Amino acid sequence: MSLEQFKNRNVGTQNYKTLDLGQSPTSGMGKFTQVIKRSVKGELFVGLWVTIREMFNALFRGNMHTVKYPFEKLPISPRYRAIHDMLRLLESGSYRCIGCGLCEKICISNCISMDTRYDENQRKEVSEYTINFGRCIFCGYCAEVCPELAIVHGPRYENASEQRASFSLFEDMLTPIDKLNLQQEYDGFGAVSPNADENIKQTPLAY
Amino acid sequence: METTLVENLPQVTAVGVIIKAVIILAVISAIAGFGTFVERKVLAFMQRRLGPMHVGPYGLLQIAADGIKLFTKEDIIPQNANKLIFMIAPVITAATAFIALSSVPVFPDFIIPEFIPLLGGTFVPSIASDLNIGILFVLGMMAAGLYGPLLAGMSQANKWGIIGAARTAVQFLSYEVVTGLSILAPIMLVGSLSFVDFNNYQAAGIGSWMVWQQPVAFVLFLIAGFAETNRTPFDLLEHEAEVVSGYATEYSGMRWGMFFIGEYANMITISVIAAIVFLGGYDPEATLGWLTIILKIGFFFFLMLWVRAAWPHVRPDQLMWLCWKVLMPLAVVNILITAIVVMV
């Protein structure tokens, strides 16, 4: 293969097609016939038909696209890294966190601070655990490094609050003990969205 | 021209006319407000949105919220504006729109029941003033309404306003000829300018509607009516993407609201004219006769919203080109053919 062929950056089949737009008429008669053609062609009625069709689809066939956001939410992907959740063990209801401190160690913005102690069963537990969400960059390292799947990223993406500390206490992030049966298991970072099937569009095979 | 006096009708008194005027003012203002709600809803549905939903059931009280906002907003008059003209201009638009409605039949005539004190037994006519030149008066009034945008745009010391005023003049020069010429052919057929005569001419049912005899005039009148009410294919005066708000750039609060009410009242007037002149109007005898004209008016109103959702708008030069080079010759040819048919 010669050098010229490598240097040819015009990849593709070079099979361009020009649209047949025709010449714009110059003579008076040509202009006149163009006006007549465009007037009786009925393209405007196609526009009217499309809008009324969409209206009927929206009203009677459930094609309305509005999501009434604060009242209904679209499912978010498990890959989304929102405010953290602290999970409990499903059987006993006690904390999953064993106080190993890996998340505090790996946190690149230094926003996790924790303190641990031994409880009455000589089991290590966290006594203080806060995340400073003013500094957190939601990189997800803490959830990835946790050996017990105790700290995960939850679905709470509405971060607006009166003060940043509102989200940061351990008890705020912990699953409430009475809602233990509602605790969602963390699918992990490679998981697909719950509505992935709806979002899949056909890829043209010729591509 | 023959008179349109009907002997068996009760006497029209000044009190009845005043009551009618108050009814028109109140109801049409309310309908104009409701029209904004309908417009937002219809446009939203056509774009697969929900439209206003939160104020009241299905957003029905959105009009009230908008009204409170409009009434309580600060009325700003720009520093270098011609204050008097700036303040009067919106009144011209709103007033002419309602004056035009005074000689259009809206709502059936009725007699106030006897048990109501003072006003009992007063006959309230369907037309506040049954002029025998009704169509001429309405079209003239609606044309005079264009002074509102023109003066507003020129008085506000704002470049967008000036452009809006210039476009008002362009639009005015373009469509006014077509409106007059297109409605001239039906007038020649009926031989009268009174709306009542038009209504009686088509009283024999759908087959006698003017639209079958004058389809070209109907289409031309609709197109010119869209231009007259600044509706979408011809909304050059205040097209946001090009001239901010055109003549209404510096207006706020209730003065801007008056432009709005005037525009919607004009839409209703054009719908009424089209319904009476071309689509058979109302049936004064039948109980539900007035329902038919309300349906027709509703259809034309919906058509205006529908077209707004579907079509892009034209340039000012395209509007002039369309009106002078296409529509006006068509209207003249239509009149010629009508005249020959009437003569023979």
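This one's a predicted model, so the numbers in the text were calculated from it and none came from an experiment.

Before going further, it helps to spend a moment on the overall build of chain A. Across its full length, chain A holds 7 helices and 4 strands. Starting at the N terminus, the α and β elements of chain A follow one another as α-α-α-β-α-β-β-α-β-α-α. By the burial criterion, 13% of the 207 residues in chain A qualify as buried. Taking the contacts inside chain A whose residues are at least 6 apart along the sequence as the reference set, 71% of them involve residues at least 24 apart.

A tally of helices and strands in chain B yields 13 helices and 2 strands. A compact globule built from 344 residues should have a C-alpha radius of gyration of about 20 Å, and chain B, at 21 Å, falls within 12% of that. If you line up chain B on its principal axes, its C-alpha atoms span 60 × 55 × 45 Å. Counting across all 344 residues of chain B, residues that qualify as buried make up 43%. Counting contacts in chain B only where the partners sit at least 6 residues apart, residues at least 24 apart contribute 79% of the total.

Residues and elements named next belong to chain A. Two elements, strand S2 (residues 112-118) and strand S3 (residues 124-131), share 7 bridges in a ladder whose sense is antiparallel. Residue pairing in the sheet places Thr-116 in a bridge with Val-126 of S3. In textbook terms, the turn of a hairpin is the stretch between consecutive antiparallel strands, and for S2 and S3 this stretch comprises 5 residues, one of which, Gln-122, has a positive phi near 60°.

Attention shifts here to the interface of chain A and chain B. Contacts between the two partners involve 14 residues from chain A, matched on the other side by 10 residues from chain B. Its residues placed into classes, the side of chain A that touches chain B shows 8 nonpolar, 5 polar and 1 charged.

Attention now moves to the domain arrangement of chain A. Structurally, chain A comprises domain 1 (28-60) and domain 2 (84-181). Here the C-alpha centre of domain 2 of chain A lies 60 Å away from the C-alpha centre of domain 1 of chain A.

It is worth spelling out the nonpolar core at this point. All names here are of chain B. Grouped together as the largest cluster of nonpolar side chains are 88 residues, with contacts concentrated most on Val-104, Ala-265 and Ala-274. If you tally residues by element for this core, the top one is helix H11 (residues 253-278), at 16 residues. Apart from the residues lying within four places of it in its own chain, the contact partners of Ala-274 are Phe-221, Leu-222, Gly-225, Leu-279 and Phe-300.

To continue, consider the environment of Phe56(A). Residue and element names in this part refer to chain A. With respect to the secondary-structure elements, Phe-56 resides in helix H3 (residues 43-60). With 12 C-beta atoms packed within 10 Å, Phe-56 lands in the exposed category. Distance in space between the C-alpha atoms of Phe-56 and Ile-151 is 47 Å, their sequence separation being 95 residues.

With 94% of its residues at a pLDDT of 70 or more, chain B has an overall mean of 83. With a pTM of 0.77, the predicted complex shows an ipTM of 0.77.

Here the focus is the packing of helix H4 (residues 134-144) of chain B against helix H6 (residues 159-190) of chain B. All names here are of chain B. Running from amino to carboxyl end, H4 crosses H6 at an angle of 170°, the nearest separation of the two axes being 12 Å. Classified by the angle between their axes, H4 and H6 sit roughly antiparallel to one another. Contact residues: H4 offers Ile-135, Leu-139 and Ala-143, while H6 offers Glu-176, Thr-179, Gly-180, Ile-183 and Ile-187. In terms of residue class, the contact of H4 with H6 is built from 5 nonpolar, 2 polar and 1 charged.

Once that is clear, we can look at helix H13 (residues 316-343) of chain B. All names here are of chain B. The end-to-end C-alpha distance of H13, which contains 28 residues, comes to 38 Å, matching closely the 40 Å that a straight helix rising 1.5 Å per residue would cover. Taken as a whole, H13 carries its principal kink of about 35° at Leu-327; the proline Pro-329 stands between one and four residues after it. Taken residue by residue, H13 has Leu-319, Leu-322, Cys-323, Leu-327, Ala-331, Asn-334 and Thr-338 as its buried positions. Each element contacted by the buried residues of H13 is listed here: H6 and helix H9 (215-228).

All names here are of chain B. In the contact formed by H6 and H13, the axes pass within 9 Å of each other and the chain directions differ by 15°. As far as their axial angle goes, H13 and H6 are roughly parallel. The chirality of how H6 crosses H13 is left-handed. Its residues placed into classes, the contact of H6 with H13 shows 21 nonpolar, 5 polar and 1 charged.

What follows is about the confidence of the model for chain A. For chain A, per-residue confidence averages 81 on the pLDDT scale, and residues scoring 70 or more make up 89% of the total. Across chain A, helix H4 (residues 102-106) of chain A holds the top mean pLDDT of 91, while helix H1 (residues 3-7) of chain A sits lowest at 71.

As a further point, take unusual backbone geometry. All names here are of chain A. Although it is not a glycine, Asn-110 sits at a positive phi angle of roughly 55°. By the element assignment, Asn-110 lies in the loop between H4 and S2. Its 10 C-beta neighbours within 10 Å are what place Asn-110 among the exposed residues.

Attention shifts here to the environment of Arg117(A). Residue and element names in this part refer to chain A. By the secondary structure assignment, Arg-117 is in strand S2. Separated by 10 residues in the primary sequence, Arg-117 and Ser-127 have C-alpha atoms spaced 6.4 Å apart. Excluding residues within four positions of it along the chain, Arg-117 makes contact with Glu-125 and Ser-127.

Another point: the environment of Ala185(B). Residue and element names in this part refer to chain B. Considering the arrangement of structural elements, one finds Ala-185 in helix H6. Note on Ala-185: 26 C-beta atoms within 10 Å, which makes it buried. Placed 154 residues apart in sequence, Ala-185 and Ile-31 show a C-alpha to C-alpha distance of 31 Å. Beyond its immediate chain neighbours, meaning those up to four positions away, Ala-185 contacts Gln-214, Ala-217, Asn-334, Ile-335 and Thr-338.

A few words now on helix H5 (residues 147-155) of chain B. Residue and element names in this part refer to chain B. Of all the 9 residues making up H5, 8 are buried; the element is thus mostly covered by neighbouring parts of the structure. All of the buried residues along H5 are Gly-148, Pro-149, Leu-150, Leu-151, Ala-152, Gly-153, Met-154 and Ser-155. Residues of H5 that are buried make contact with helix H3 (83-102), H6 and H11. Phi turns positive, to about 55°, at Ala-157, one or two residues after H5.

Rules used in this analysis
Residues numbered from 1 in each chain as written. Chains lettered and ligands numbered in written order. Predicted model: local features only at pLDDT ≥ 70, side-chain atom pairs only at ≥ 80, totals over all residues. Helix = DSSP H or I, 4+ residues; strand = E, 2+ residues; numbered from the N terminus. Buried ≥ 20, exposed ≤ 12 C-beta atoms within 10 Å, placed from the backbone. Contact = placed C-beta atoms within 7 Å. Rg over C-alpha atoms; globule rule 2.2 N^0.38 Å. Pairing = 2+ DSSP bridges. Nonpolar A, V, L, I, M, F, W, Y, C, P; charged D, E, K, R; others polar. Domains from an automatic or database assignment. Core = buried A, V, L, I, M, F, W, Y, C linked by C-beta atoms within 7 Å. pLDDT = per-residue confidence, 0-100. Axes fitted to C-alpha atoms, helices over the stretch in contact; angles between N-to-C directions. Parallel < 35°, antiparallel > 145°, perpendicular 65-115°, else oblique. Expected span 1.5 Å × (residues − 1). Bend = angle between axes of the 7 residues up to and from the residue. Left-handed = near helix turned anticlockwise from the far one by under 90°.

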